[in-house]
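Structural description and commentary
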Amino acid sequence: MILCDAGVLLCLVDHTQPQHNAYRDTITKLAIPLVTTWSCLTEAMYLALHRGGWVMQKHLSKLLLDKLLTIYEIQESDYIRLFGLMEKYRDRPMDLADATLVLVAEKGGYRQILTLDSDFLFYRISDRDTFSIIQVQ
């Protein structure tokens, strides 16, 4: 499975984004569903509301309803690691959504990610492995 960050979620539903078509085309060729977290979806929903209102939010929700996207549930037992990641990368700084994706990579054994965020070049999975960022042209 492939992780998906909030910026890409927004890009998929916002046709004014320069890479909208490239990302739409790319996900049709990838293993579906993409994996994200509630934090990433919440961030994307917030941005969608301010860019395109309810209509854009509805397009975003359709990704989930059509099973193109699945949500990895963060457990209470993961909180210490989650906030430890945010502390470790506080110089970037790491937001909650990014921390959840690093945690999911660690828990689920995922390395591939769709992201517009260059911070994933610096984040490490289990403090050692790099992410494999899917390049979209």
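Residues numbered from 1 in each chain as written. Predicted model: local features only at pLDDT ≥ 70, side-chain atom pairs only at ≥ 80, totals over all residues. Heavy atoms only, no water.

So, the packing of aromatic side chains
Inspection of every chain in the model, using the stated rule, returns four aromatic pairs. Where tyrosine 79 meets phenylalanine 83, the ring centres are 6.4 Å apart and the plane angle is 55°; that geometry is what we call tilted. Highlighted residues: tyrosine 79 and phenylalanine 83, both in helix H4 (residues 79-88), separated by four residues, approximately one helical turn. On the accessibility criterion, tyrosine 79 (40% relative accessible area) is partly exposed. What links up through ring pairs into an aromatic cluster is the set Tyr89, Phe120, Tyr123 and Phe131. A cation over a ring is seen here: arginine 92 above phenylalanine 122, with NZ or CZ 3.8 Å from the ring centre. (Phe/Tyr/Trp six-rings, centres within 6.5 Å; stacked < 30°, edge-to-face > 60°. Helix = DSSP H or I, 4+ residues; strand = E, 2+ residues; numbered from the N terminus. Buried < 20%, exposed > 50% of the residue type's maximum accessible area, 1.4 Å probe, protein only. Lys NZ or Arg CZ within 6 Å of the ring centre and 35° of its normal.)

Observations concerning the environment of tyrosine 89
With respect to the helices, strands and loops of the structure, tyrosine 89 is situated in the loop between H4 and helix H5 (96-108). The exposure class of tyrosine 89 is buried, given its relative accessible area of 7%. The spacing of tyrosine 89 and alanine 99 is ten residues in sequence and 9.1 Å in space, taken between C-alpha atoms. Other than its neighbours up to four places away in sequence, tyrosine 89 contacts Met94, Phe122, Tyr123 and Arg124. At 2.9 Å, the side chain of tyrosine 89 and the backbone nitrogen of arginine 124 are in polar contact. (Contact = heavy atoms within 4.5 Å. Polar contact = N/O pair within 3.5 Å; in protein donor to acceptor, adjacent residues only side chain to side chain.)

Some thoughts on the packing of helix H3 (residues 38-65) against H5
The relative placement of two packed helices comes down to the angle between their axes together with the axis-to-axis distance. Viewed as axis vectors pointing N to C, H3 and H5 meet at an angle of 145°, and their least axial separation amounts to 8 Å. By crossing handedness, the relation of H3 to H5 is classed as left-handed. Judged by residue contacts, Ser39, Cys40 and Glu43 of H3 engage Leu96, Ala97, Thr100 and Leu101 from H5. Taken together, the residues of the contact of H3 with H5 sort by class into four nonpolar, two polar and one charged. (Axes fitted to C-alpha atoms, helices over the stretch in contact; angles between N-to-C directions. Left-handed = near helix turned anticlockwise from the far one by under 90°. Nonpolar A, V, L, I, M, F, W, Y, C, P; charged D, E, K, R; others polar.)

What to know about helix H1 (residues 6-13)
Counted residue by residue, H1 has seven buried out of eight residues, so it is predominantly covered. Among all positions in H1, only Ala6, Val8, Leu9, Leu10, Cys11, Leu12 and Val13 are buried. In the core, the buried residues of H1 are packed alongside strand E1 (2-4), helix H2 (20-27), strand E2 (34-36), H3, strand E3 (69-71) and strand E4 (112-114).

Details of unusual backbone geometry
For the peptide bond that leads from isoleucine 32 to proline 33, omega is 10°, which places it in the cis range. If you trace the backbone, proline 33 turns up in the loop between H2 and E2. Even without being a glycine, lysine 67 presents a positive backbone phi close to 65°. Considering the arrangement of structural elements, one finds lysine 67 in the loop between H3 and E3. Positive phi, close to 55°, is recorded for serine 126, a residue that is not glycine. Judged by relative accessible area, which is 28%, serine 126 ranks as partly exposed.

Side note on the nonpolar core
Counting residues in each nonpolar core, the largest one holds 46 residues, and the members touching the most others are Leu3, Leu9, Leu60, Leu114, Phe120 and Phe131. Leaving out residues up to four positions away in the same chain, leucine 60 has contacts with Leu9, Val13, Leu41, Ala44, Met45 and Ala48. (Core = buried A, V, L, I, M, F, W, Y, C linked by side-chain atoms within 4.5 Å.)

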